[in-house]
Amino acid sequence: MTQLSPALGRSAVRLAAPAWFQKYGVYTAVLVLLAFNAAFTEHFLTVANLRTQLVQVAPVVIVALGMALVIGTEGVDLSVGSTMALATALLPLYLGYGLIPALLVALVAGVVVGAVNGTLVAVVGLQPIVATLALFVGGRGLALVMADGQLKQIVNPDLLALGSGEVLGVPVVVLTAGVLALAVAGLVHRTTFGRQLVAVGGNRAAAGLAGLPVKRVLIGVYVLCGVLAALAGVLATARLTASDPSALGNLMELSAITAVVVGGTPLTGGSVRVLGTVTGALLMQLLRATLVKHDLPDSTAQIAQAAIILVAVYVARERRSR
C-alpha cells in the first residue's frame, strides 16, 4: 500500500482546512456560542429568550435569502434597506383600502426596485454595486418624501397580527422566514431557474454562449431580492407597530451580506448556500445578544462581527487560490 509522505499529508490538511471551515464553520460557531451561553449566561437558553432571538433575526433572514440569490450571480444589492423603507412608507398610505391592497402595493414597490436594479445590471451593463447604490440613496429619500419625514403609528389590527400573531405557538414572522428559506432552497436546487442562476454566477459569458437567458435570470434575481426586502419591511413594520422610513432597514444591506458571506456563499458567485445563510444570520444575532447579556457595548459586537467577516472572506479566498 502506497503511503503519503509527511509533507504531502500536511499539504492535504492545509488544502482541506479552508474547505471544511467554509462548509461547516458557521454551524460549529453557532453550537459553540450556544454551549458558551448554556454554561455562562443566565436564562439565555430559555424558550422566551430563544423565541425573542428568532423574532428579531427573522427580517434579516428574509432579506439575506434574497441577497444570497444576488450574490450567487456574482452581484450585490445595496438597496435592500431602502426597499424596506419604501415598503413601510407605503403601508400607511394604503391601509385604508384594506390589508391586502396595502401589502400588494408594498410588494410591487419591491418588484419595481428589483426590476430597475436588474435592468441596470443586465441590460445597461453597470456594475451591481454602482447600479444598486443609486436606489440605496434615492430609495430612502423617496420613502421619506412619501411619509413627510414622519413616524406614523400603525393601528390596523390585521397588519399588527402579522407582527405579533402565532400559528401553533410559532410567531408568524418566524414561520414566514422558515417557509421562505425552504422555498428559496427549493428554487435553487430543484428548478431550472436555480440551475441557470448558479451557471450565470459561475461564468456569465459561458452561460450566454450556452444559450441561457442571462439577462432574464439577472433581472429575475434582483426582482426576487426586492420583493423579499419589501416583505421584510412589512413584517418589521408590523412588529414595531410603526412606520418609520428614516430608521427601518438602516444597515440592513450590511447585515444581509454578512449573513450570506459568513454562511459560506462565495462573493465570486456560482453557489448559493441557503442553510448557511440562515445560520449566518442566526450566528450574528446570537453573538450580539451574548455580548449584550454580558454588559458589553454594541460597538464590541460590531468589532466581533467585523472579525468574523474577515475570517470568512479570508477562508473563501484561500480556498479559491488553491
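Residues numbered from 1 in each chain as written. Predicted model: local features only at pLDDT ≥ 70, side-chain atom pairs only at ≥ 80, totals over all residues. Heavy atoms only, no water.

Some remarks on helix H8 (residues 192-202)
Phase 1: What H8 keeps buried is the set Gly194, Gln196, Leu197, Val200 and Gly201. Buried residues of H8 fall within an arc of 160° about the axis and therefore sit on the same side.
Phase 2: Where H8 is buried, its residues contact helix H2 (47-72), helix H7 (172-190), helix H9 (204-209) and helix H10 (214-240). (Buried < 20%, exposed > 50% of the residue type's maximum accessible area, 1.4 Å probe, protein only. Helix = DSSP H or I, 4+ residues; strand = E, 2+ residues; numbered from the N terminus. Arc of directions from axis to C-beta. Contact = heavy atoms within 4.5 Å.)

Concerning the UniProt feature "transmembrane region" (unreviewed entry) in the chain
Phase 1: As annotated in UniProt, the feature "transmembrane region" (unreviewed entry) corresponds to residues 24-41, 53-72, 102-123, 129-147, 159-188, 219-242 and 254-287 in the numbering used here.
Phase 2: Helix makes up 94% of residues 24-41 and strand makes up 0%, while its end C-alpha atoms are separated by 25 Å. (UniProt positions renumbered as here; feature names shortened; annotations may be inferred.)

Things to note about helix H4 (residues 99-124)
Phase 1: For H4, built from 26 residues, the straight-helix expectation of 38 Å at 1.5 Å per residue is met to within 8% by its first-to-last C-alpha distance of 36 Å.
Phase 2: Considered for burial, the residues of H4 that qualify are Leu99, Ala102, Leu103, Ala106, Ala109, Gly110, Val113, Gly114, Asn117, Gly118, Val121 and Ala122.
Phase 3: Those residues of H4 that are buried lie in contact with helix H3 (80-94), helix H5 (128-146), helix H6 (157-164), H9 and H10.
Phase 4: Positive backbone phi, at 90°, marks glycine 125, one or two positions downstream of H4. (Expected span 1.5 Å × (residues − 1).)

Some points on the packing of H2 against H7
Phase 1: Viewed as axis vectors pointing N to C, H2 and H7 meet at an angle of 20°, and their least axial separation amounts to 8 Å. In this view, H2 runs roughly parallel relative to H7, as classed from their interaxial angle. Handedness of the H2/H7 crossing: left-handed. In contact with Leu54, Val55, Ala58, Val61, Ile62, Leu65 and Leu69 of H2, H7 contributes Val173, Val174, Thr176, Ala177, Leu180, Ala181, Val184, Leu187 and Val188.
Phase 2: Per-class residue counts for the contact of H2 with H7 are 15 nonpolar, one polar and no charged. (Axes fitted to C-alpha atoms, helices over the stretch in contact; angles between N-to-C directions. Parallel < 35°, antiparallel > 145°, perpendicular 65-115°, else oblique. Left-handed = near helix turned anticlockwise from the far one by under 90°. Nonpolar A, V, L, I, M, F, W, Y, C, P; charged D, E, K, R; others polar.)

Concerning the layout of surface pockets
Phase 1: A volume near 780 Å³ is recorded for the largest pocket.
Phase 2: Forming the boundary of the largest pocket are 27 residues, of which Val60, Asn250, Leu251, Ser255 and Arg288 lie nearest the centre.
Phase 3: Every element with two or more residues in the lining of the largest pocket is listed here: H2, H10, helix H11 (252-262), helix H12 (274-293) and helix H13 (298-321). (1 Å grid on protein atoms, 1.4 Å probe; cavity = no way out; pocket = protein on both sides within 12 Å on 5 of 7 lines; lining within 4 Å. Points joined across faces, edges and corners; volume = space filled by probe spheres on them.)

Points about the packing of aromatic side chains
Phase 1: For the structure shown, the criterion picks out two aromatic pairs.
Phase 2: Taking 6.2 Å as the distance between ring centres and 35° as the angle between the ring planes, the aromatic pair formed by tyrosine 94 and tyrosine 97 counts as tilted.
Phase 3: Looking at tyrosine 97, the relative accessible area reads 63%, which means it is exposed. (Phe/Tyr/Trp six-rings, centres within 6.5 Å; stacked < 30°, edge-to-face > 60°.)

Some points on the environment of leucine 248
Phase 1: For leucine 248, the position within the fold is in the loop between strand S4 (242-243) and H11.
Phase 2: The exposure class of leucine 248 is buried, given its relative accessible area of 10%.
Phase 3: Placed 183 residues apart in sequence, leucine 248 and leucine 65 show a C-alpha to C-alpha distance of 18 Å.

Some thoughts on the side chain of threonine 83
Phase 1: Secondary-structure assignment places threonine 83 in helix H3.
Phase 2: Ignoring anything within four residues of it in the chain, the contact list for threonine 83 reads Gly110, Val113, Gly226, Ala229 and Ala230.

Re unusual backbone geometry
Phase 1: Backbone geometry at aspartate 148 places phi at a positive 55°, although glycine is not the residue there.
Phase 2: Assignment of secondary structure puts aspartate 148 in the loop between H5 and strand S1 (152-153).
Phase 3: Assessed through its relative accessible area of 58%, aspartate 148 is described here as exposed.
Phase 4: Backbone geometry at leucine 251 places phi at a positive 65°, although glycine is not the residue there.
Phase 5: Position of leucine 251 relative to the elements: it lies in the loop between S4 and H11.

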